[in-house]
Amino acid sequence: MTNSAAQNQEPAFILVGQDGSARSIAVRARAGGAPGLFWLGGFNSDMRGTKAIALDAWAAEHHRACVRFDYSGHGESGAAFVEGTIGRWLEESFAVFERFCTGPQIVVGSSMGGWMALLLAREVARRGASLASLAGLVLIAPAPDFTEELMWKGFSPEVRQEIETKGAWLRPSQYGEPYPITRALIEEGRNHLLLGSSIEVGCPVRILQGAQDPDVPWQHAFALADRLPAEDVVLTMIQDGDHRLSRPQDIARIMAAVAEIG
């Protein structure tokens, strides 16, 4: 399948959640060999972004399985963005992983997807035997605990008050329209914080971080690396890299990290 054909591939849809909270989740799954690749996108992004498409194209070229999807409220999936929380998106991530992945998987998570990848690893270990297992994590500008560390703690008293009293605040974005930061996102996110203790993932980890990232400061990547086991964790600092890490040379580094794991 060519890169353009991959972009035009129609998604499959699965329902995740119980009754009134069920969401229709859009998934694109490519059949292929192992280890498969499992893409976890960022906050307010979708599976048709530059990095996700590049990963799928790499998988096609190397005859590897690749699964990508949109969280609820993102891209082609159902439900409203304002209803989203970390726990809700984690539930969807695990459901897609369990339904579409078989054998060892390299989980590639970007920004919020890096947090999701770490939570998914913990969830896979907690739930035990499944058809799929973790071969490694590739984390791109990972943002674990971002709702607390990179949002709430940095918000002005005025913004905090607006979130607490009105239930949401529209955050300006350099990438497009302002988007809502909800009280539910902040409060529910506190149930999933990871940086306060060691993080056991049980597989190799590769972290790629831009030193010029305005959204996730490089110090955040160091704080994460400090919480991971010492063995087989590599942090690559890209001195002129931004948050997106979507330039050709950045994409090449991401694919090299994937190839290094397997």
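In what follows, the accompanying structure is described. All residue numbers here refer to positions counted from 1 along the written sequence of the relevant chain. Predicted model: local features are reported for residues with pLDDT of at least 70 only, side-chain atom pairs are reported and counted for 80 or more only, and whole-chain, interface and lining totals are derived from all residues. The side-chain figures draw on all heavy atoms in the structure; neither hydrogens nor water molecules are used.

### Brief notes about unusual backbone geometry
Residues Ala34 and Pro35 are joined by a peptide bond in cis, for which omega reads -5°. Secondary structure elements follow DSSP: runs of H or I of four or more residues count as helices, runs of E of two or more count as strands, with numbering from the N terminus. Within the element layout of this structure, Pro35 appears in strand E3 (residues 33–40). Phi angles above zero are rare outside glycine, and Asn44 is one such case at about 65°. Here Asn44 lies in the loop between E3 and helix H2 (50–61). The class for Asn44 is partly exposed, based on a relative accessible area of 38%. Accessible area is worked out with a 1.4 Å probe on protein chains only. A residue is then buried under 20% of its type maximum, exposed over 50%, and partly exposed in between.

### Looking at the packing of H2 against helix H9 (residues 248–261)
Helix axes use the C-alpha atoms of the stretch in contact, all axes being lines fitted to C-alpha atoms, and the angles between their N-to-C directions lie in the range 0 to 180 degrees. The N-to-C vectors of H2 and H9 enclose an angle of 45°; their axes lie 11 Å apart at closest approach. If you check the angle between H2 and H9, you find them oblique. Taken as a pair, H2 and H9 cross one another with a handedness that is right-handed. Listed contacts from H9 to Thr50, Lys51, Ala54, Leu55 and Trp58 of H2 are Ile251, Ile254, Met255, Val258 and Ala259. The residue makeup of the contact of H2 with H9, split by class, is 8 nonpolar, 1 polar and 1 charged. With respect to orientation, any angle under 35 degrees is reported as roughly parallel, any angle over 145 as roughly antiparallel, any angle of 65 to 115 as roughly perpendicular, and every other angle as oblique. Should the near helix be turned anticlockwise from the far one by less than a right angle, the crossing is termed left-handed; should it be turned clockwise, right-handed. Residues are treated as being in contact if the distance between any of their heavy atoms lies within 4.5 Å. Each residue receives one of three labels: charged for Asp, Glu, Lys and Arg, nonpolar for Ala, Val, Leu, Ile, Met, Phe, Trp, Tyr, Cys and Pro, and polar for the others, Gly being one of them.

### Structural notes on the packing of helix H3 (residues 86–100) against helix H4 (residues 112–127)
Between H3 and H4, the least distance of the axes is 10 Å, while the angle of their chain directions is 60°. Classified by chirality, the crossing of H4 by H3 is right-handed. Residues Ile86, Trp89, Leu90, Ser93, Phe94 and Phe97 of H3 lie in contact with H4, whose contacting residues are Met112, Trp115, Met116, Leu119, Leu120, Glu123, Val124 and Arg127. Among the residues making up the contact of H3 with H4, the classes are represented as 11 nonpolar, 1 polar and 2 charged.

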